[in-house]
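# Coordinate analysis (summary)
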Amino acid sequence: MRIAFAAMAAALLTMPPALAQTAPAPVLEDFQPSTLNQPGQQYPQVNSQGYARFRIVAPGATAVTVSLGLGGRGGTTLTKAADGSWIGTTAGPLDEGFHYYHLTVDGGTFNDPGTGNFYGSTRWESGIEIPAHDADFYALKDVPHGRVEQILFPSPSTGSQRRAFVYTPPGYDRAGSTRYPVLYLQHGWGEDETAWSNQGHANLILDNLIAAGKARPFLIVMTYGMTNEVRPGGLASFDITPFQTVLLDELIPYVDSHYRTLSEARHRALAGLSMGGFETKLIAPKHLDRFGYIGLLSGGTVSLDDVNATPGYRDKVRLTFVSFGSRELEGGRAGPPGGPRVDPRANADALKAAGLNSVFYVSPNTGHEFQTWRRSLREMAPLLFRD
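Cut-offs and rules
Counting of residues starts from 1 at the beginning of each chain's written sequence and follows it residue by residue. In view of the model being predicted, local features appear only for residues whose pLDDT reaches at least 70, and side-chain atom pairs are presented and counted only at 80 or more, with totals across whole chains, interfaces and linings using the full set of residues. Excluding hydrogens and water, the side-chain values take into account all heavy atoms of the structure. The way it works is that DSSP assigns letters per residue, a run of H or I at least four long becomes a helix, a run of E at least two long becomes a strand, and they are numbered from the N terminus. Partly exposed describes any residue whose relative accessible area lies between the buried limit of under 20% and the exposed limit of over 50%, with all areas from a 1.4 Å probe on protein chains only and scaled to the type maximum. Here a polar contact is taken to be a pair of N or O atoms separated by no more than 3.5 Å, where protein atoms must pair a possible hydrogen donor with a possible acceptor and residues adjacent in sequence count only if both atoms sit in side chains. Any two strands are treated as partners once DSSP identifies two or more bridges connecting them. Contacts between residues were defined by any pair of non-hydrogen atoms, one from each residue, lying within 4.5 Å. A pair is scored as a salt bridge if a Lys or Arg side-chain nitrogen falls within 4 Å of a carboxyl oxygen belonging to Asp or Glu. Within this scheme a cavity is a closed region of a 1 Å grid, computed over the protein atoms alone, that accommodates a 1.4 Å probe without allowing it to escape, whereas a pocket is open but has protein on both sides within 12 Å along at least five of seven lines; lining residues each have an atom within 4 Å of a point. Grid points are joined across faces, edges and corners, and a volume is the space filled by probe spheres set on the points. Throughout this entry, Asp, Glu, Lys and Arg are counted as charged residues, while Ala, Val, Leu, Ile, Met, Phe, Trp, Tyr, Cys and Pro are counted as nonpolar. The remaining residues, Gly among them, count as polar.

Time to look at the side chain of Arg-327. Structurally, the position occupied by Arg-327 is in the loop between strand S18 (319-325) and helix H8 (344-353). Here Arg-327 falls in the buried class, since its relative accessible area comes to 18%. Separated by 2.8 Å, the side chains of Arg-327 and Asp-95 make a polar contact.

Right under this line is the structure:
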């Protein structure tokens, strides 16, 4: 099966957060501590326009910068104040949502002691949240809540016990014999199984959709995709076999035997963001006896040629969901830097014209970052397991 364009997944995850595309305006001095700050910490701060301000106490340092985005690009140089602290504000407003960042102090890489840490770029990075106008869909509300629990499952193929996190929807423990569909949801390159619940708020998104009657209750399983040994540009040598074995032969059987699941393909979905979408496209179409729903979130596209080359795709796949941030689709196309660019919307439209249930979503004013993927999950979840 062709995987044209999906190779962009890992490369794009190294892109820095986009500065909001607005005309320059005076910076408003209404800065408040970021919601991700550690208790009692005043910095970093964000203002109502989306600017971020940082303050680092390093009196002996000679240079301090803040690097926003995976890969260390998008830097903000801080200026030393009389009290020995270093202060600086981003050159422009940032896109809404979550951003990774770290500090460079005299050439060394450090996390900001003022904020929380989130696993990304193969390390625990600092995080900042730019308030979003539509944050209500992942807000912590007074609604029934599901539970995210850690499981450790045996993995003979790797000779280890592996970890996953499982979201069970509200009322699962009281539902007696009720069985549930399952979404296997994969993270991106440089991240791990904590990403979708910590950075993505997947559990809160589902809680709120279920409470509003917009989504059917289902389980979400999040595990490590074994991707982080691959460096950007090295996908030609990426071998999906080890993770495919863990997923198909070890994790899914464990989940089906320890949770009340509906184990038929029409009750199981595989989706992922960026590199996780790349993995989804490598695995799901070749195992349609296991997965009836496919989701690629900034992680590739499915063309009509792909469908025609995959026996059973037309009859067995109940949903092909593809999404991107608008900033990833400059000129309506997407692809790896320096590589071929394709039109994922045209591919999605072609599938729909051929009679398949194909949905294409674009997150407005976001790039290759978690606000895109939060919104994508919000759009995809109500479409899953409708039967």
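This is not the end of the story, as more comes after the structure.
The next subject is the pairing of strand S8 (residues 97-105). Counting buried residues along S8, eight of its nine residues qualify, which places the element largely inside the surrounding structure. Bridge count between strand S4 (residues 64-68) and S8: five bridges; the pairing is antiparallel. Across the sheet, the residue bridging to Ser-67 is His-102, located in S8. One ladder, built from five bridges, connects S8 with strand S11 (residues 123-130); its direction is antiparallel. The residue of S11 that forms the bridge with Gly-97 is Ile-130. Direction of pairing for S8 relative to strand S9 (residues 108-110): antiparallel, over a ladder of three bridges. Pairing of Thr-104 across the sheet is with Thr-109, part of S9. Turn length for the S8-S9 hairpin, with the two strands adjacent in sequence and antiparallel, is two residues, and the turn residue Asp-106 shows positive phi of about 50°.

For Arg-260, the position within the fold is in the loop between helix H4 (241-258) and strand S16 (268-273). Taking the C-alpha atoms as reference points, Arg-260 and Glu-229, 31 residues apart in sequence, are found 34 Å from one another. Beyond its immediate stretch of four places on either side in the chain, Arg-260 contacts Tyr-172, Ala-175, Gly-176, Ser-177, Thr-178, Arg-179 and Tyr-180. Among the polar contacts made by the side chain of Arg-260, one reaches the main-chain carbonyl oxygen of Gly-176 at a distance of 2.9 Å.

Moving on: the pattern of salt bridges. Taken as a whole, this structure holds 15 salt bridges when the rule is applied. Salt-bridge contacts for Arg-374 lead to Glu-129; the nearest nitrogen and oxygen are separated by 2.7 Å. Here Arg-374 is found in helix H9 (residues 370-380), whereas its partner Glu-129 is found in strand S11, with 245 residues between them in sequence. Using a relative accessible area of 1% as the deciding quantity, one classes Arg-374 as buried. For Glu-129, a relative accessible area of 8% corresponds to the buried category. Between Asp-136 and Lys-141 there is a salt bridge whose closest N-O contact spans 2.7 Å.

As judged from the nine bridges shared by strand S12 (residues 147-155) and strand S13 (residues 160-168), these two strands associate in the antiparallel manner. In the strand pairing of S13, Ser-155 is matched with Ser-160. The loop that links S12 with its antiparallel partner S13 comprises four residues; one of these, Gly-159, has a positive phi angle of about 65°. Summarising the sheet, S13 and strand S15 (residues 219-223) pair through four bridges and their orientation is antiparallel. Its bridge partner being in S15, Tyr-167 is matched across the sheet by Ile-220.

Glancing now at empty space enclosed by the protein. The tally for this structure, following the rule as stated, stands at two cavities of 30 Å³ or more. Quantified by volume, the second largest cavity comes out at close to 30 Å³. What lines the second largest cavity is Asp-95, Glu-96, Gly-97, Phe-98, His-99, Thr-366, Gly-367, Glu-369 and Gln-371. For the lining of the second largest cavity, the leading source of residues is S8, giving three residues. Across the lining of the second largest cavity, the residue classes break down as one nonpolar, five polar and three charged.

Geometry only, nothing functional implied.
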